[in-house]
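Topology and contacts: notes
Spelled out from the first residue to the last, the chains are:
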Amino acid sequence: MPKKSCVAIDHEIEILQAQIAILKRREDDFVRILEDMARLRDSVKAEQVALASQVTELESQRNPINWLPSELLIQIFVSVTEDNDSDTSAGLAYNSSPVIISHVCRRWRKLAFATSILWSRVSFRSRKWLTSPVCAFINRSGSSLLDLTFSPPPYHVDDTDAAEDEWHASESLLLTLSTHLSRVRSITFECTSSASMRHIVEVLIDHLHELKSLRSLDLSFASLAPCFAGTPLLVLDELGRGTLPDTPSILTYLRLQQLPPRVISPSLLRSVQTLELSFPQRRSQRPPQYILRMSHMHHFLSFIPELQDLVLVETTPLRDVVLEERSEGQTVDNRFTVVAPLELSKLRSLTWKFAYPRDVYTFMSFFGMPTLERWEILIANSPTKRNDVGSLRGNHWQEPDSFIQAEPLGGALSMTTLKDLCVSCQDGDSLISSLRQFFFPVLEQLEFAYAGKCPPNCDHKHPLPRLDYVFRDPRLPHLTHFTLSHHDVFTGPHIIDADINTKQHVDVALESVQTVFARAQPAASSMLMKAQKDVPSVVSTVLGRKIRPLKKPRMASPRGGPSSPAKPDTMQNSHGTPSTLIPIEEALRPVRIACVDVDDCPQITEDEALLLEEFGTVVVYR
């Protein structure tokens, strides 16, 4: 092959380079076309996504829940989060409600993350510590006030591994929240080990100045007999400090269950308005344990000047003090400290559940309640012997550990402001022995309820004692509402078969109620009968009248002259309470019932109810 010259080679190179340039331009055209096609493809995809979103939006409008505005949905989410206990049933360590809400749809998830209050309930319900859920809730809560709940599953007090896990979880939780204490609004802390309780008590003492937003505090033990071995909770006495820190407090609700009250700082107690104490009777003799004594409670309540509602659940303090003013029949024992009755000047409501009959008067005598308006009490049957320590309990002076020996009745208390009294009991004897030493001169509403558990095939025969057996002064001149629940009422001075809880003629039932309150002139009155589902009927009477004595008592003239009629409101009896003497002929005259409303009461038929129209009574049957 002949050898090419340099000119020929250069010419061929120029031709090839020209072809390469043409191909390069064609490649650039292809790239430009592909880019245009990609942009067209992306625009088509974007249009598809927009159309699909519109379809989803239109389909979502089929559900009425999506018609609601975002503001209303947020309120619903918050309400569900506050009321739903699905986290407990699901066995999760945290509050699962906001998490579930955020996984429903894109809109709900966006609203959930934008609502900080939805994540403000920081709860931990496990003994195994998990950092991530607690931190996630704290971070998503923003600047909202926090509601802290620590409630791991209970366990046996001898399970050391479970106690160690609970101790570690409580310590880690409080350490995680240490920089957010100023945002804590409520604390609910329930544990089994006293070592775990020690953590929250130390936080309340050492970081009291940081808890500026704390409004509710609930400290309780899950076990019935917590052991305080190895902790200073039994000897710690914040109430006995000489100088009190000047720390403002807005705490209004306090609940203590089996925790010594003196571990709470007095600075927290200044603003408490609602107090709930629960100290069930010991079922174990395992030492060391805490025993609530009257001296502890008397001293503790003296630091709560704003107390308005007091709730006692299975709480009767052991009496280790005596009153400075002896009532008739009392015997003073020099072994016990003498105290003066503590006045709870702002207390308006008292709820006492599971009180023993003989402890009621003694407990009430230690406190003055000049503004008490409502008293609700559940009276339990008295045990024959208590397994308490040798201290005074209730009225028992001769043998402190025995329930049989009791101090003679020492006097009576006049509840001069009480208007609403609700008493639940298991038998008539406990009802009589509980209220016999009280006067109720201005009582307006009275309710008696049977609280016992009926055995199978029970005929619900729970007779209501005569009011003159129950009350020291049964006349109750201002009474306007009377409610019976699960009790039998009988007519006349003799007991006959007239059971309100069973099917009977209505006129007999109403005659029974009239006989119980037969003491005033006929007046416009009404009566309401209701039957709760699957339980005996509840009968309520509304008596619209006031009792006025027909005769005015005569009092000696201050100058020694003839006696003059006294005003009814200045009459005093031997106990220093206003007297409302009523002549016997007026007391035996029943009150006329003007209207009877029978609502959802299967024990009374419509024909039986309409029989009352013969007596001029208006009957409403529904």
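Keep in mind the model is a prediction, meaning the values are calculated, not measured. (Residues numbered from 1 in each chain as written. Predicted model: local features only at pLDDT ≥ 70, side-chain atom pairs only at ≥ 80, totals over all residues. Heavy atoms only, no water.)

Concerning a nonpolar patch on the surface
Rule in force here: Residues with no salt bridge and a relative accessible area higher than 30% make up the patches, which join like charges within 9 Å and nonpolar side chains (Val, Leu, Ile, Met, Phe, Trp, Tyr) within 5 Å. Residue burial considers only the protein chains on display, and all accessible areas are found by Shrake-Rupley using a 1.4 Å probe. Think of a salt bridge as a Lys or Arg side-chain nitrogen and an Asp or Glu carboxyl oxygen that are within 4 Å of each other. Helical segments are the DSSP runs of H or I of at least four residues, strand segments are the runs of E of at least two, and each set is numbered from the N terminus.
Among the surface-exposed residues, Phe-30, Ile-33, Leu-34 and Met-37 lie close enough to one another that they form a single nonpolar patch of about 430 Å² accessible area. Inspection of the secondary structure assignment puts Phe-30 in helix α1 (residues 6–60).

Digging into the nonpolar core
Quick note on the threshold: As used in this record, nonpolar core signifies buried Ala, Val, Leu, Ile, Met, Phe, Trp, Tyr and Cys residues forming a set joined through side-chain atoms within 4.5 Å. Burial classes follow relative accessibility: with a 1.4 Å probe on protein chains only, a residue under 20% of its type's maximum area counts as buried, one over 50% as exposed, and anything between as partly exposed. In what follows, residue pairs with any heavy atoms lying within 4.5 Å of each other are defined as contacts.
In terms of nonpolar packing, the biggest core is built from 107 residues, with Phe-440 and Phe-448 touching the most fellow members. Element by element, the count of residues in this core is highest for helix α8 (residues 194–206), at six residues. Not counting the four nearest positions on each side in its chain, Phe-440 is found in contact with Trp-375, Met-415, Leu-418, Leu-421, Leu-435, Phe-471 and Leu-476.

Regarding the environment of Glu-376
Examined against the element boundaries, Glu-376 turns out to sit in strand β13 (residues 374–379). With relative accessibility at 28%, the residue Glu-376 sits in the partly exposed group. For the pair formed by Glu-376 and Glu-447, sequence separation is 71 residues and the distance between their alpha carbons is 9.2 Å. Here Glu-376 is in contact with Leu-350, Thr-351, Trp-352 and Cys-422, once residues within four sequence places are set aside.

A few points about unusual backbone geometry
With a phi angle near 50°, Glu-314 is a residue other than glycine that sits in the positive phi range. Looking at where Glu-314 falls in the secondary structure, it is placed in the loop between β7 (309–313) and β8 (321–323). For Glu-314, a relative accessible area of 31% gives the class partly exposed. Positive phi, close to 65°, is recorded for Phe-354, a residue that is not glycine. Within the fold, Phe-354 resides in strand β11 (residues 349–355).

Description of α8
Structurally, the α-helix is built with 3.6 residues per turn, so residues lying three or four positions apart point the same way. Rule in force here: Any helix carries an expected span of 1.5 Å times its number of residues minus one. Two N or O atoms form a polar contact when they lie within 3.5 Å of each other; inside protein one atom must be a possible hydrogen donor and the other a possible acceptor, and for residues adjacent in sequence the pair counts only when both atoms belong to side chains.
Given a rise of 1.5 Å per residue, 13 residues ought to cover 18 Å, and the 18 Å separating the end C-alpha atoms of α8 matches this to within 8%. Buried residues of α8: Ser-194, Ser-196, Met-197, His-199, Ile-200, Val-201, Val-203, Leu-204 and Ile-205, and no others. Structurally, α8 contributes buried residues whose contacts are with α7 (160–176), β3 (184–191), β4 (216–221) and α9 (266–269). With a side-chain oxygen positioned 3.1 Å from the backbone nitrogen of Ala-195, the residue opening α8 is Ser-193.

Concerning helix α10 (residues 294–301)
Note the threshold: Here, the arc refers to the directions that run from the helix axis to the C-beta atoms.
For α10, the set of buried residues is Met-294, Met-297, His-298, Phe-300 and Leu-301. Buried positions in α10, seen along its axis, are confined to an arc of 165° and lie on one side of it.

Quick notes on the packing of α7 against α8
For the record, the criterion: Note on geometry: axes are C-alpha line fits, over the in-contact stretch for helices, and angles between N-to-C directions span 0 to 180 degrees. Here the angle decides the label: under 35 degrees means roughly parallel, over 145 means roughly antiparallel, 65 to 115 means roughly perpendicular, and every other value means oblique. The crossing is said to be left-handed when, going from far helix to near helix, the turn is anticlockwise and less than a right angle, and right-handed when the turn is clockwise. Residues are grouped as follows: nonpolar covers Ala, Val, Leu, Ile, Met, Phe, Trp, Tyr, Cys and Pro; charged covers Asp, Glu, Lys and Arg; every other residue, Gly included, is treated as polar.
Interhelical geometry of α7 versus α8 gives an angle of 20° and a closest axis separation of 8 Å. Looking at the two axes, α7 sits roughly parallel to α8. For the crossing formed where α7 meets α8, the hand is right-handed. Contacts from Glu-166, Trp-167, Ser-170, Glu-171 and Leu-174 of α7 reach α8 at Ala-195, Ser-196, His-199, Ile-200 and Val-203. By residue class, the composition of the contact of α7 with α8 is five nonpolar, three polar and two charged.

Overview of the pattern of salt bridges
Summed over all chains, the structure comprises 15 salt bridges. Arg-39 is paired through a salt bridge with Asp-36; the nearest N and O atoms lie 2.0 Å apart. Residue Arg-39 and its partner Asp-36 are both found in helix α1; the two are separated by three residues, about one turn of the helix. We note a salt bridge from Arg-348 to Glu-373, for which the minimum N-O separation is 3.3 Å. Of this pair, Arg-348 sits in the loop between β10 (342–343) and β11 while Glu-373 sits in the loop between β12 (367–368) and β13, and the two are 25 residues apart along the sequence. According to the relative accessible area criterion, Arg-348 is partly exposed, its value standing at 42%.

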